[in-house]
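Coordinate inspection notes
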Amino acid sequence: DTGVSQNPRHKITKRGQNVTFRCDPISEHNRLYWYRQTLGQGPEFLTYFQNEAQLEKSRLLSDRFSAERPKGSFSTLEIQRTEQGDSAMYLCAFSVEQGTEAFFGQGTRLTVV
Amino acid sequence: AQSVTQPDIHITVSEGASLELRCNYSYGATPYLFWYVQSPGQGLQLLLKYFSGDTLVQGIKGFEAEFKRSQSSFNLRKPSVHWSDAAEYFCALFTGGGNKLTFGTGTQLKVEL
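A brief report on the enclosed structure follows. (Residues numbered from 1 in each chain as written. Chains lettered and ligands numbered in written order. Predicted model: local features only at pLDDT ≥ 70, side-chain atom pairs only at ≥ 80, totals over all residues. Heavy atoms only, no water.)

Where empty space is left in the structure can be found by rolling a water-sized probe over the atoms. Space inside the largest pocket adds up to approximately 390 Å³. Along its surface, the largest pocket is lined by 17 residues, and E44(A), F45(A), R59(A), L60(A) and T102(B) are the ones closest to its centre. Of all the secondary-structure elements, those providing two or more residues to the lining of the largest pocket are strand 5 (44-50) of chain A together with strand 11 (100-103) of chain B. Among the elements that make up the lining of the largest pocket, the one with the highest residue count is strand 11 of chain B (four residues). For the lining of the largest pocket, a count of residues per class yields five nonpolar, eight polar and four charged. (1 Å grid on protein atoms, 1.4 Å probe; cavity = no way out; pocket = protein on both sides within 12 Å on 5 of 7 lines; lining within 4 Å. Points joined across faces, edges and corners; volume = space filled by probe spheres on them. Helix = DSSP H or I, 4+ residues; strand = E, 2+ residues; numbered from the N terminus. Nonpolar A, V, L, I, M, F, W, Y, C, P; charged D, E, K, R; others polar.)

Spelled out as structure tokens, the structure:
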């Protein structure tokens, strides 16, 4: 148990459709991160929240991507007009506070066909 | 530029043999370093971390890692590998003010029985 639940675990969608993923930390944590991992690569940072504020976005996060963390608890990541290049594992992670390690969820595997 | 390099893409060892996975980093300040393990289709599990202090850190599952500033390395070791250790291993580094992680490309470990 990593303390982070991600849903769905797998998603297959047609190109051009919108998808939304959800990340639920078991308890409230200060910082929440989203990463993307493509096959054969390490995870790459997308964005992070401190409480409900989105403090940093990677240039990987095109304007088709949007993330929210209402009330500083769960978070959602939406991809609009999906492309085949969006196929990847999307990982959510949290840390308790600045300078502490991050714990990852099981991820959501997205396949765009 | 801040980066993590894992020179070995694949490593195969026999069960019971010792293991060393290499990690080199590039970072201008004191690094915060991590090793994570990922089983197929799963999220990442933290094995160990180095923040400061003793350069030899102990982790879970019998793993340890040694920080060598002069070599910019943080190699992961295990004295005797078990078949269940077969997985992908990622070295990572805190970068930026938000403590986001920069990962290496990973080393795939295969254990021969």
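Turning to the state of the cysteines, a few remarks are in order. Inspection of every chain in the model, using the stated rule, returns two disulfides over all chains. The side chain of C23(A) participates in a disulfide bridge whose partner is C92(A); the two sulfur atoms lie 1.8 Å from each other. Judged by the sign of its S-S torsion, about -65 degrees, the cystine formed by C23(A) and C92(A) is left-handed. Pair noted here: C23(A) is in strand 3 (residues 19-25) and C92(A) is in strand 9 (residues 88-95), with a separation of 69 residues, a long-range link. Taking relative accessible area as the criterion, C23(A) reaches 0% and is therefore assigned buried. A sulfur-sulfur separation of 2.0 Å characterises the disulfide bridge that pairs C23(B) with C91(B). Its torsion about the S-S bond being -65 degrees, the disulfide of C23(B) and C91(B) is classed as left-handed. (Disulfide = S-S within 2.5 Å. Buried < 20%, exposed > 50% of the residue type's maximum accessible area, 1.4 Å probe, protein only.)

Once that is clear, we can look at the sheet that holds strand 8 (residues 75-79) of chain A. Residue and element names in this part refer to chain A. Ordered by their spatial adjacency, four strands build an open sheet running 1-3-8-7, and the pairing between neighbours is antiparallel. Edge positions in the open sheet fall to strand 1 (4-7) and strand 7 (65-68), since each of these has one partner strand only. Between one strand axis and the next, the sheet turns by 15 degrees as a mean value, whatever way the strands run. Note: strand 7 against strand 8, four bridges, orientation antiparallel. Bridging from a neighbouring strand, F65 pairs with I79 of strand 8. (Pairing = 2+ DSSP bridges. Axes fitted to C-alpha atoms, helices over the stretch in contact; angles between N-to-C directions.)

The next subject is the nonpolar core. All names here are of chain B. Residues L19, W35, L47, L48, F74, L76 and Y89 are the most contacted members of the largest nonpolar core, which totals 26 residues. A per-element tally of this core places strand 10 (residues 87-95) first, with four residues. Beyond its immediate sequence surroundings of up to four residues, L76 is in contact with L19, E20, L21, W35, L47, L48, F63, E64, A65 and Y89. (Core = buried A, V, L, I, M, F, W, Y, C linked by side-chain atoms within 4.5 Å. Contact = heavy atoms within 4.5 Å.)

This paragraph deals with the packing of aromatic side chains. Geometrically, a pair of aromatic rings is defined through the distance of the ring centres and the angle of the planes. Evaluation of the coordinates by the stated rule reveals 22 aromatic pairs over all chains. Ring geometry for Y32(B) versus F94(B): centroids 5.8 Å apart, planes at 40 degrees, classification tilted. Residue Y32(B) is located in the loop between strand 4 (24-26) and strand 5 (33-38), and its partner F94(B) is located in strand 10; the two are separated by 62 residues in the primary sequence. Looking at F94(B), the relative accessible area reads 4%, which means it is buried. With 5.6 Å between their ring centres and 45 degrees between their planes, F63(B) and Y89(B) make a pair best called tilted. In this pair, F63(B) sits in the loop between strand 7 (56-58) and strand 8 (64-68) while Y89(B) sits in strand 10, placing the two residues 26 residues apart along the sequence. Summarising the burial analysis for this pair, F63(B) and Y89(B) share the class buried. Lying across the ring of F74(A), R22(A) places its NZ or CZ 3.8 Å from the centre. For K49(B), the ring lying beneath its charged end belongs to F51(B), and the centroid distance is 5.2 Å. (Phe/Tyr/Trp six-rings, centres within 6.5 Å; stacked < 30°, edge-to-face > 60°. Lys NZ or Arg CZ within 6 Å of the ring centre and 35° of its normal.)

Moving on to the pairing of strand 5 of chain A. All names here are of chain A. Of all seven residues that make up strand 5, five are buried, and the element is covered over most of its length. Here strand 4 (residues 31-37) pairs with strand 5 via six bridges, running antiparallel. If you follow Y35 over to strand 5, its bridge partner there is F45. Remark: six residues form the turn of the hairpin made by strand 4 and strand 5, two consecutive strands paired antiparallel; G40 in that turn has positive phi of roughly 80 degrees. Here four bridges tie strand 5 to strand 6 (residues 53-57), and the two strands are oriented antiparallel to one another. By the bridge assignment for strand 6, F49 is matched with Q54. The turn linking strand 5 back onto strand 6 is made up of two residues, and N51 within it adopts a positive phi angle of 55 degrees.

These figures capture arrangement, not role.
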